[in-house]
Amino acid sequence: MSGADASPESWDDEWDDSAPGSWEWLAAIGGIVIVVALFATWLTISARSSDATDASAANAGLVTDAGVAEPDVAGTVQLPTTTTTIATTTSSTTTTSMLSPAELQPVVSALVSESQQCGSTAAPASVEVVQLAGAIDVALVQCEIGRSRVFEIDALDGERSLTPLLVEVYDSSGRVVEETSDLIGEISIDAVGSITLATDFRQTGDCGVTNLTEWNGARFELQSASGRLDCEATEGFAELPWPVIYPPTERGPCVPGEATIGEGDVITTQSLDVDGDGQSDLLTLTQRGTAGFVRVAAATGQVFQAGIGGSAFVAEQSAGIRDLDGDGFAELFIGVLQDEATVDMVLTTSQCGWIVAGELGSSNLQVQQPDYRCAVVEGSVEILVASSTVVPNTEPARFLHLTERYRLVDGSLVVQRIDRLENEQALIDPTGASCT
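Because the structure is a prediction, the values reported are computed rather than measured. (Residues numbered from 1 in each chain as written. Predicted model: local features only at pLDDT ≥ 70, side-chain atom pairs only at ≥ 80, totals over all residues. Heavy atoms only, no water.)

1. Thoughts on the overall build of the protein chain
Per the secondary structure count, the protein chain includes three helices and 27 strands. Within the protein chain, buried positions represent 37% of all 436 residues. Of the roughly 24800 Å² that the protein chain leaves accessible, carbon and sulfur atoms contribute 53%. (Helix = DSSP H or I, 4+ residues; strand = E, 2+ residues; numbered from the N terminus. Buried < 20%, exposed > 50% of the residue type's maximum accessible area, 1.4 Å probe, protein only. Areas by Shrake-Rupley, 256 points an atom, 1.4 Å probe, with all protein chains shown as cover.)

Shown next, in the form of structure tokens:
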């Protein structure tokens, strides 16, 4: 056969000569992989672009702060950075500061009536509201002219309530006291929380005190007081330029009534060791009209004094003395006349001056003159007071005897025990030693 060999063997040899080599297959597969990778990259970029577009639309209402392009240390320019701030709002509890003082006045008036803060459901005579530092709303409520109270206006979950506030004042016994109830006198409050209270100690007299207090963030603290503690019968309250009686003057650490003694009749003077230092102190009882004055000039130079309104000293009765509470300063036993009855008073010292701790007993037409003794009971000094009263419709007359035992607790006499006995004796002396 003269042409090309067409046998199968010749075909295989020809295919082997013309078939692609292994490197050609690898190159073809590599190309396919590159195409697939490029296609996948294109899909990823497209998806990210779509997400960025959606995010931009979603954040269109957000506040953005774009930074200014600045060169970095290599001299190239950095792209501006973007800071995103999300503003949030929190619902706050309703407070009284959302209402003006004028708007709070009728609210307070209604609360006073509903809670009977003035003792009845009647509306108060007047209400004044001021807002103090820290958005604290304070109401000055005059239940009636001359009788007032001070409240903080609280608000919780929209409900308002009144909380009584402490107000320090200087009282007629010569001491600073805290009041949360009735404040007696002419009162006013200013925008910064200063309260002025002018109190008349007697309906017909020329004594009284004008207090000036300031808000200290928790209560109304007494800053100064001027006035006088003794009284004379006059037509009305005399608003005189009274001397300052609080804070104490420089003449001694506690002389609140220094200017209140004035002129009067000296009932008695005694030399007593009141402060227990072994030196004699001078006790003076002075009477001026219906007011009595107790004054002790200590050997150390301190002066303690105060007025006892509506009392007349019993001239023939000298003062007893005994340290009842063990504080190193003796209490005074003084007899005074009140409404034709003799009363034995016990005076003790406060921060400034004397105060009346209590009355031991009184004698009238039916009660025999009481007698008292001091005794040490369970380590404490007790005052034993004995008095006798005629039992009605008894013949021969029989008597009911009372023996009362007192202790001085926190400046006041407190009854510990009362014994009763009925017999024919007019008076039984209690067991104990003299309180002198």
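Next, the rest of the story.
2. So, the state of the cysteines
As enumerated under the stated definition, the model contains two disulfides in all. A sulfur-sulfur distance of 2.0 Å marks the disulfide that ties Cys 118 to Cys 143. Because the torsion about its S-S bond is -75°, the bridge between Cys 118 and Cys 143 counts as left-handed. Of this pair, Cys 118 sits in the loop between α3 (101-115) and β3 (126-132) while Cys 143 sits in strand β4 (residues 136-144), placing them 25 residues apart in sequence. (Disulfide = S-S within 2.5 Å.)

3. Here we look at the pattern of salt bridges
In the structure shown here, the tally under the stated rule is nine salt bridges. A salt bridge links Arg 219 to Glu 168; the nearest nitrogen and oxygen atoms lie 2.7 Å apart. Of this pair, Arg 219 sits in the loop between β12 (208-215) and β13 (220-228) while Glu 168 sits in strand β7 (residues 167-170), placing them 51 residues apart in sequence. Linking Arg 407 and Glu 382 is a salt bridge whose minimum nitrogen-to-oxygen distance equals 2.6 Å. Of this pair, Arg 407 sits in strand β26 (residues 399-409) while Glu 382 sits in strand β25 (residues 380-390), and the two are 25 residues apart along the sequence. Both residues of the pair, Arg 407 and Glu 382, belong to the buried class. (Salt bridge = Lys/Arg side-chain N within 4 Å of Asp/Glu carboxyl O.)

4. Considerations on the confidence of the model for the protein chain
Regions with low pLDDT carry predicted coordinates that are not meant to be interpreted in detail. Mean pLDDT over the protein chain: 74, with 66% of residues reaching 70 or higher. Across residues 55-96, where pLDDT falls below 50, the model places 35 contacts with residues more than four positions away in sequence or in other chains. Every residue in residues 255-259 is under pLDDT 50, and counting partners more than four places away or in other chains gives 15 contacts. (pLDDT = per-residue confidence, 0-100. Contact = heavy atoms within 4.5 Å.)

5. Regarding the side chain of Asn 423
In this fold, Asn 423 is placed in strand β27 (residues 412-423). By relative accessible area, which is 18% here, Asn 423 ends up buried.

6. Regarding the nonpolar core
In terms of nonpolar packing, the biggest core is built from 21 residues, with Val 274, Leu 283, Val 294, Leu 332, Ile 334, Leu 347 and Trp 354 touching the most fellow members. Secondary-structure elements contributing two or more residues to this core are β16 (281-288), β17 (291-297), β18 (303-308), β21 (331-338) and β22 (341-349). Ignoring anything within four residues of it in the chain, the contact list for Leu 283 reads Thr 268, Thr 269, Gln 270, Leu 272, Val 294, Arg 295, Val 296, Ala 319 and Leu 332. With 17 residues, the next largest nonpolar core counts Val 169, Val 177, Ile 189 and Ile 195 among its residues. (Core = buried A, V, L, I, M, F, W, Y, C linked by side-chain atoms within 4.5 Å.)

7. Quick notes on the packing of aromatic side chains
Tallying each qualifying case throughout the model produces two aromatic pairs. With centroids separated by 6.2 Å and ring planes inclined at 45°, the aromatic side chains of Tyr 170 and Tyr 246 adopt a geometry described as tilted. Placement of Tyr 170 in strand β7 and of Tyr 246 in strand β14 (residues 244-246) is noted, with a sequence separation of 76 residues between them. By relative accessible area, which is 19% here, Tyr 246 ends up buried. Look at Trp 215 and Phe 220: their rings are 4.9 Å apart centre to centre, the planes differ by 55°, and that puts the pair in the tilted class. For Phe 220, a relative accessible area of 0% gives the class buried. (Phe/Tyr/Trp six-rings, centres within 6.5 Å; stacked < 30°, edge-to-face > 60°.)

8. Some words on the pairing of β27
Side-chain direction in a regular strand flips from residue to residue, so the side chains alternate between the two faces of the sheet. As paired strands, β26 and β27 are joined by eleven bridges and run antiparallel to one another. Bridge pairing in β27 places Leu 408 opposite Leu 413. Hairpin connection, β26 to β27: the antiparallel pair is bridged by two residues, and Asp 410 has positive phi, about 55°. (Pairing = 2+ DSSP bridges.)

9. A word on unusual backbone geometry
The linkage connecting Glu 395 with the following residue, Pro 396, adopts the cis geometry, with an omega of -5°. Along the chain, Pro 396 falls in the loop between β25 and β26. A positive phi angle, close to 55°, is found at Glu 378, a residue other than glycine. Here Glu 378 lies in the loop between β24 (371-377) and β25. Assessed through its relative accessible area of 73%, Glu 378 is described here as exposed. The backbone phi angle of Asn 393 is positive, close to 60°, even though this residue is not glycine. With respect to the secondary-structure elements, Asn 393 resides in the loop between β25 and β26. Accessibility expressed as a relative area gives 84% for Asn 393, which makes it exposed.

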